[in-house]
Every structure is written in C-alpha cells, then in structure tokens.
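Listed below are the residues making up each chain.
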Amino acid sequence: MAFDELLVHLGEFGRYQKRIYLLLCLPAISCALHKLAWVFLAAKAPHRCLMPFEHERNATWNDISPLWNMSYPLDSLTHTWSQCRRLDANFTDDYFEGNVPATKEAPCTQWVFDHTKYLSSAVFEWSLVCDKAWVRSAADTVFMFGVMMGSIVFGYLSDRFGRRPIFFTSLVLQVTGGILAGLAPEYFSFVFARMLIGATTSGVFLVAYVIGMEMVGPSKRFYAGVVVQYFFTLGYMLTALLAYLITDWRQLQIALSLPGLLFLLYWWFVPESARWLLTNNREAEARQVLKNAAKENNVDLPDEMLDKFLKEDTKKDGDETTGKKGSLLDLMRFPNLRRKTFIILFLWFVNSGSYYGLSWNTSNLGGNDFLNFFISGAVEVPAYTFLLFALNKYGRKLTLCGSMLVGGAALLLCVVVPESMSWLLISLAMFGKMAITASYGAVYIFSAEQFPTVIRNAGIGISSTAARVGGMLAPFVNQLADYWRPAPLILIGALAFSAGIMSLLLPETLNKKLPETIEDGELFGKKEEKEETNNDAELQN
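Figured I'd write up the structure that's included with this text. Note that this is a predicted model, so its numbers are computed, not measured. (Residues numbered from 1 in each chain as written. Predicted model: local features only at pLDDT ≥ 70, side-chain atom pairs only at ≥ 80, totals over all residues. Heavy atoms only, no water.)

Focus on the overall build of the protein chain
So, step 1. Scanning the protein chain for helices and strands turns up 25 helices and four strands.
So, step 2. Put simply, 77% of the contacts in the protein chain that link residues at least 6 apart link residues at least 24 apart.
So, step 3. Summed over its atoms, the accessible surface of the protein chain is roughly 25100 Å², and 63% of this surface lies on carbon and sulfur atoms. (Helix = DSSP H or I, 4+ residues; strand = E, 2+ residues; numbered from the N terminus. Contact = heavy atoms within 4.5 Å. Areas by Shrake-Rupley, 256 points an atom, 1.4 Å probe, with all protein chains shown as cover.)

Put into structure tokens, the structure is as follows:
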C-alpha cells in the first residue's frame, strides 16, 4: 500500500511516531486498573452470621469466638464452622450452660466480616456472600459484557466519525462512570456504572492502539503491538499497590478513575489518524498531519512527493474496492475455513477466559492477596519478552501451542498439591499465568494471519467476541474455589491444554504468503496437509 511506503520514507518509528505511540500507550495503564480492580473492590473475607444476641453496630469478628460451637453448625464441605448458617435456639443462660440443646439450623440474614485484611469492600457493604455469592461474580460478568459491547460500538464509531473524537468521548465517559461507581448508593446502579466503564476501556485502549499503530511503519508494527502490552502489565501491578494503600473500596474506585482526566490534555498533542483522514476524503487535514510528522522526524517531504504517494494510495484503494468482498458467512460456507474458524474461536475463548480467570483468582490461592496479585502481573513481563523473540524465531504455531500446553500442564498439576502447601499452589498458578499470557499475545497475531485479507477485520471481530464470552464466564469458574481451592486452576488448565492440542490443526503462517481472497483462505493449509500425507505414504512404502 502506498501509505505504508510513505511511512517508510517518513521514518517507520521516528521521533514523531515514538512521541505519539508513548502518549497513547499510557491509557492502557488506566484501562488495566479498571479491568482488574474488582478483585479488591469486591474483596472477600471470612464472615459469620450476626447472632440474635449481638448488637449489629458493635459486633466484630472475634466477639463470640468462645461460643462458636454453640452458635454455628459445622459445614460438611469445609469441615469448619458454617459461614452461611447458624444454630436456631433460644439463646438463654440455660442454653449456653448446656442444659438446652439446639437441634435446628437457620440461614443467615445478616453477617459480620473479618476486617483484618480489608477495611471495606462492596461484598461487606451489600453482603454478597452465601446465597448471594453469585451476585459478586455477576458484577464482573456484566463488566465484561460492557467490554464486548464497547469493542463493537466504539469500533464502529471510530471508523465512522474518526479515532480522535471517539477516544476523547470514551475518556470522558470512563471518568464519569468511574466516579459514579464510587458514589453508587446500591448494587444495581454500581453495576451499571461498571458496565459503562467496561465499554469505555474498549473505546480508550483499542482506539488509542489503532491511532498509534496506523502511524507506525510496517516492519515495526509487530514490536509496537507487543510493547503496548507492557503498559497494561504496569497498570496490572499498580492495581495491587493502590489497593494496598487505599483501604476504602469507594475511595479506591474514584482514585482509579481520576487519572483519566490527565489524558484529556492529549487534545492538544495527539492528532487524528492520517490514514483515517485519507480514507474519508479529508486530504487537506491528512497532508498537515504528515507534514508535521516529517518536520519532527527531520525528513524532507516536498509537496510533489506527497502528491505522488497519495495518488498511488487512492488508485490502489480504488482497485481494491472493485474486487470481491468477503462476509462472515464465507467463513462458515467452506469446510477448511469453517474448521479453522471454529478452532480460532475456541482459542480466543480459552485464552481470554484463562487470562482473566487466573488474574481474578489470586485472592483464592492463599497467602498475601496483594503480593499474589502483584506477582501475577509481574510474570507478564517475561511472557511478552518471550513473544518478542519466539514468534519470529520458532513460528506462531509452535509458540502458541507450546505456551498453552506448558501452562495447562502446570495448572493441572495443582490437583496433586496438598492443601498445606500454598506456596506450591501459588507457584504453579503463577507459572501457568505466565504461559497463558504468552499464548494470549500469540493468538492475536496467529489468528489474524489465518483469515483472508477480505474478511480479516470481521474474523478478528468475531474472535474478540468469543474472547469476551470467555471473560464473562471466568468469574463463575473462580467461584468454584469456594468449594475446593484448586478447582478453578484445574478447569482452566484442562481447557488450556486441550486448546493447545487443537492449535496444532492450524497451518503455520510465519514466512508464508498470507491468504488474500476467500479462495486463498480455503486453500491455505490444505497444500501442507497433502504434502505431509504424501510424505507419510512414501515412508510407509
């Protein structure tokens, strides 16, 4: 494409691109804060029924510790005092002296929480425990539903009205939603505000990512696409630090939102995407952006040369529009494309569900919640660094498959870890998280190269939808830890391992001519399979 040739002339990653790219990577930190903070906003803690003989305002966790055996039944699953039921008795002196036994149980209606680790939490405030534990999980599911809808809505709006206005609109909505969530008087308004925040993470992060990538030269896009993930990881680790320093959950929610105000200053520093301006016949504005880039990069870009590039770009775009366009139905119509599409959708579903499931599960592992969460973010640094070297050296398929198999195996090993060895469970979970992070990064590139050019954006779109479904189910998978602590890790490990095996059914794309048309996409990979079959037949003969 002529525009890519123009970027090579301007400098594929010159001073201008570096400045814009860095500015647009920073909002990824803010988006990570919002996506991962529910672990601390809705922190769980040991709890017990408020007994009839206690005063609600003055009750504390240890008030009746000498009387627990006369207040609560034993839970048959955990073999500890029940956190959801109490003994139903006439709590008089005769009862406490052992003269009148309790033969009935009653469900809790109010709870007392242990505030040793967390001063406050949405779980404490709205009693999201026992029969209402699913409500806690549902809040994160609704948040991820917002992420999914945001990627659809803001993606369309950014193509229709421009990257820049949608980026700033998303920022305003994100800050507004964040503050409203911190002030929400009850659960439903809070969840609605969080859903709005989830939607805007797509509008902020994805649109900023597109603006930055559309000004990076073709040979630098792979590295730029991976490096931006380091900023998300930084936000991941900062979430643990902020949660440790700010112990009130409402203040934490507002503190996570206020940094978004700083990004509004980008109005004076970040221009519209020149590529978008050109595709929408706003050539004069595109010229000015490109001239500013040339000036900052110390590159000579005379009007005659710019005219030549833009004319070639217009001509090529015109030729492309006359060709046959694909549709999502084409992915289902042809057997090889259909098979590859279903595998890719499963890979995205598993990777997203595994990534967020492991990220949100850190408080169920035992030990220090804040340290676990911080380490879970820190392991992403070597994961992304591994991707920078492995994807082009070992290939997309081997990197993706190996990461998922290794991660899945590490998580499956949790089934044999004794309850007393929390350190080993945490170590396996973190190793699994590192491997899944690498596979999640690899699946973006690998699947994009599988889809034909004429349907690539739509293919990635439905893949992203499958990923969001995985993220929406992850909170309910983590709820299994209430019954058996390793259960979420084992389920995630089984899915990751099976997805790793399925990825072997996809053709390698490294150094291959990528499919352009639907016909190319249907044939892509078939030739390799035929050659392998012939080689096997020759060996047998």
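The structure having been displayed, the exposition proceeds.
A closer look at the packing of aromatic side chains
So, step 1. Following the criterion strictly, the structure yields 26 aromatic pairs and no others.
So, step 2. Their ring planes at 65 degrees and their centres at 5.5 Å tell us that Phe263 and Tyr266 sit as a pair that is edge-to-face. One exposure class covers both Phe263 and Tyr266, and it is buried.
So, step 3. Here a set of aromatic residues connected by ring pairs shows up, and it is made of Trp38, Trp126, Tyr187, Phe188, Phe190 and Trp249.
So, step 4. A cation sits over an aromatic face here: Arg164 above Trp267, 4.1 Å from the ring centre. (Phe/Tyr/Trp six-rings, centres within 6.5 Å; stacked < 30°, edge-to-face > 60°. Buried < 20%, exposed > 50% of the residue type's maximum accessible area, 1.4 Å probe, protein only. Lys NZ or Arg CZ within 6 Å of the ring centre and 35° of its normal.)

Side note on the side chain of Ser463
So, step 1. Mapping Ser463 onto the fold places it in helix α22 (residues 456–478).
So, step 2. Not counting chain neighbours up to four residues away, the residues in contact with Ser463 comprise Ile344, Leu345, Trp348 and Phe451.

Examining the packing of helix α10 (residues 221–245) against helix α18 (residues 369–378)
So, step 1. Across the interface, α10 lies against α18 with an axial gap of 8 Å and an inter-helix angle of 170 degrees. The angle between α10 and α18 falls in the class roughly antiparallel. On α18, the residues that touch Thr233, Tyr236, Met237, Thr239, Ala240, Ala243 and Tyr244 of α10 are Phe370, Phe373, Phe374, Ser376, Gly377 and Ala378.
So, step 2. Split by residue class, the contact of α10 with α18 holds nine nonpolar, four polar and no charged. (Axes fitted to C-alpha atoms, helices over the stretch in contact; angles between N-to-C directions. Parallel < 35°, antiparallel > 145°, perpendicular 65-115°, else oblique. Nonpolar A, V, L, I, M, F, W, Y, C, P; charged D, E, K, R; others polar.)

Comments concerning the environment of Ile344
So, step 1. Position of Ile344 relative to the elements: it lies in helix α17 (residues 335–360).
So, step 2. Residue classification places Ile344 among the buried positions, given a relative accessible area of 1%.
So, step 3. Considering only alpha carbons, one finds Ile344 and Ser447, 103 residues apart in sequence, at a separation of 6.4 Å.
So, step 4. Look past the residues within four positions of Ile344 in its chain and what remains in contact with it is Ser447, Gln450, Phe451, Ser463 and Leu506.

Focus on the side chain of Asp369
So, step 1. With respect to the element layout, Asp369 can be found in helix α18.
So, step 2. Setting aside chain neighbours within four positions, we find Asp369 in contact with Phe40, Lys117, Tyr118 and Ser363.

Side note on a nonpolar patch on the surface
So, step 1. A surface patch of nonpolar side chains, amounting to about 740 Å² of accessible area, comprises Leu413, Val415, Val416, Leu480, Tyr483, Trp484, Leu491 and Leu495.
So, step 2. Mapped onto the elements, Leu413 comes out in the loop between α20 (396–412) and α21 (422–450).
So, step 3. Leu413 gets classed as partly exposed once you look at its relative accessible area, which sits at 47%. (Patch = residues over 30% accessible without salt bridge, like charges linked within 9 Å, V, L, I, M, F, W, Y side chains within 5 Å. Salt bridge = Lys/Arg side-chain N within 4 Å of Asp/Glu carboxyl O.)

Thoughts on α18
So, step 1. Within the sequence span of α18, burial applies to Asp369, Phe370, Asn372, Phe373, Ser376 and Gly377. Within α18, the buried residues cover an arc of 165 degrees as seen down the axis, which keeps them to one side.
So, step 2. Looking at the buried positions of α18, the neighbouring elements they touch are α3 (27–36), α4 (38–41), α10, α17, α19 (380–393) and α21.
So, step 3. The backbone nitrogen of Phe370 lies 2.9 Å from a side-chain oxygen of the residue at the head of α18, namely Asn368. (Arc of directions from axis to C-beta. Polar contact = N/O pair within 3.5 Å; in protein donor to acceptor, adjacent residues only side chain to side chain.)

Concerning the state of the cysteines
What we call a disulfide is simply a covalent bond connecting the sulfur atoms of a pair of cysteines.
So, step 1. Overall, the coordinates contain two disulfides when judged by the stated rule.
So, step 2. Residue pairing for Cys49: its cysteine sulfur links by disulfide to Cys108, the two sulfurs lying 1.5 Å apart. Between Cys49 and Cys108 the sulfur-sulfur dihedral comes to about -65 degrees; the bridge is accordingly left-handed. One end of the pair, Cys49, is in strand β1 (residues 47–49); the other, Cys108, is in the loop between β3 (104–107) and β4 (111–113), with 59 residues separating them in the sequence.
So, step 3. Bridging Cys84 to Cys130, the disulfide has an S-S length of 2.0 Å. (Disulfide = S-S within 2.5 Å.)

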